[in-house]
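Listed below, chain by chain, are the residues.
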Amino acid sequence: MKQKMVVKVTSMNGEKSRSKAMKIAVSLLGVESASLKGDDKSQIEVTGDHQVDPVQLTRLLRKRVGYAELVSVAAVGGEKKEEKKEDVKPPPPAAYVWTPYQPPNYVYREPSYGYVQQCYEPSCSIM
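Reading the values: rules and limits
Residues numbered from 1 in each chain as written. Predicted model: local features only at pLDDT ≥ 70, side-chain atom pairs only at ≥ 80, totals over all residues. Heavy atoms only, no water. Helix = DSSP H or I, 4+ residues; strand = E, 2+ residues; numbered from the N terminus. Buried < 20%, exposed > 50% of the residue type's maximum accessible area, 1.4 Å probe, protein only. Contact = heavy atoms within 4.5 Å. Areas by Shrake-Rupley, 256 points an atom, 1.4 Å probe, with all protein chains shown as cover. Expected span 1.5 Å × (residues − 1). Arc of directions from axis to C-beta. Lys, Arg positive; Asp, Glu negative; His and termini not counted. Salt bridge = Lys/Arg side-chain N within 4 Å of Asp/Glu carboxyl O. Core = buried A, V, L, I, M, F, W, Y, C linked by side-chain atoms within 4.5 Å. Pairing = 2+ DSSP bridges. Axes fitted to C-alpha atoms, helices over the stretch in contact; angles between N-to-C directions.

A. Summary view of the overall build of the protein chain. Broken down by element type, the protein chain carries 2 helices and 4 strands. Counting from the amino terminus, helix and strand elements in the protein chain follow one another as β-α-β-β-α-β. When the 127 residues of the protein chain are sorted by exposure, 24% land in the buried category. Here the analysis covers contacts within the protein chain between residues at least 6 apart in sequence; of these, 63% occur between residues at least 24 apart. For the protein chain, the exposed area adds up to about 11400 Å²; of that, 52% sits on carbon and sulfur atoms.

B. Structural detail: the environment of Ser 33. Mapped onto the fold, Ser 33 is located in strand S2 (residues 31-37). Spatially, the C-alpha atoms of Ser 33 and Val 46 are 5.8 Å apart, while their sequence positions differ by 13 residues. Leaving out residues up to four positions away in the same chain, Ser 33 has contacts with Glu 45, Val 46 and Thr 47.

C. Representation of helix H1 (residues 15-27) within the structure. Taking 1.5 Å of rise per residue, 13 residues should cover 18 Å, and H1 covers 18 Å from first to last C-alpha, within 8% of that figure. Among the residues of H1, Ser 17, Arg 18, Ala 21, Met 22, Ile 24 and Ala 25 are the ones counted as buried. Seen along its axis, H1 keeps its buried residues to an arc of 160 degrees; they face one direction. Away from the buried face of H1 by more than 90 degrees, exposed residues Glu 15, Lys 16, Lys 23 and Ser 27 are located. Against the buried residues of H1 lie S2, strand S3 (43-48) and helix H2 (54-64).

D. Up close: the side chain of Arg 18. Structurally, the position occupied by Arg 18 is in helix H1. Within the buried core, Arg 18 has no salt-bridge partner, and the shortest N-O distance to an opposite charge, that of Glu 15, equals 4.1 Å. Setting aside residues no more than four positions away along its own chain, Arg 18 makes contact with Met 12, Asn 13, Leu 36, Asp 40 and Lys 41.

E. Spatial organisation of the nonpolar core. Counting residues in each nonpolar core, the largest one holds 18 residues, and the members touching the most others are Val 9, Ile 44, Val 46, Leu 57, Leu 61 and Val 65. Mapped onto this core, the elements with two or more residues apiece are strand S1 (3-9), H1, S3 and H2. Here this core gets 4 residues from one element, more than from any other, and that element is H1. Contacts of Val 9, omitting those with residues within four sequence positions, involve Ser 42, Ile 44, Leu 61, Val 65, Tyr 67 and Ala 68.

F. The sheet that holds S3, seen in detail. Taken in spatial order, the 4 strands make up an open sheet running S2-S3-S1-S4, and their pairing is antiparallel. Whereas interior strands pair on both sides, the edge strands pair on one side only; in this sheet they are S2 and strand S4 (68-75). Each adjacent strand pair in this sheet contributes to an overall mean axis angle of 20 degrees, direction not counted. Across 7 bridges, S1 lies against S4 in antiparallel orientation. Residue pairing across strands places Lys 4 opposite Ala 74, the latter belonging to S4. Its contacts with the sheet place H1 against S2 and S3, and it is angled at close to 155 degrees to S2. Each of S1, S3 and S4 is contacted by H2, which is oriented at about 160 degrees to S4, the strand it contacts most.

Below, the structure written as structure tokens:
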């Protein structure tokens, strides 16, 4: 959604302050266009995305150029594209095959800790 805002800067007397104000306006994120309006070109009209904060723009202009006043903020109608959407139905899903749940088989193995002497004689004693 685009928005259009008009900021009036009263202390823009010369070309230098006008160009400084324009640089500030176009430096903000999301600004698409900026232009000078009014009889004495003391108004800046900024068009941009919804990301442009009009309060931040006014604050920056007050800080760097001079007194600035936010005149208006309005949503721009934007271009509406009429597209013909055909009723395209997705193909039916393929047949599903259900298999009953089978729990996983767990195999427990005793860990080997190295060499294990196996004793097959009955006379073998441990300890």
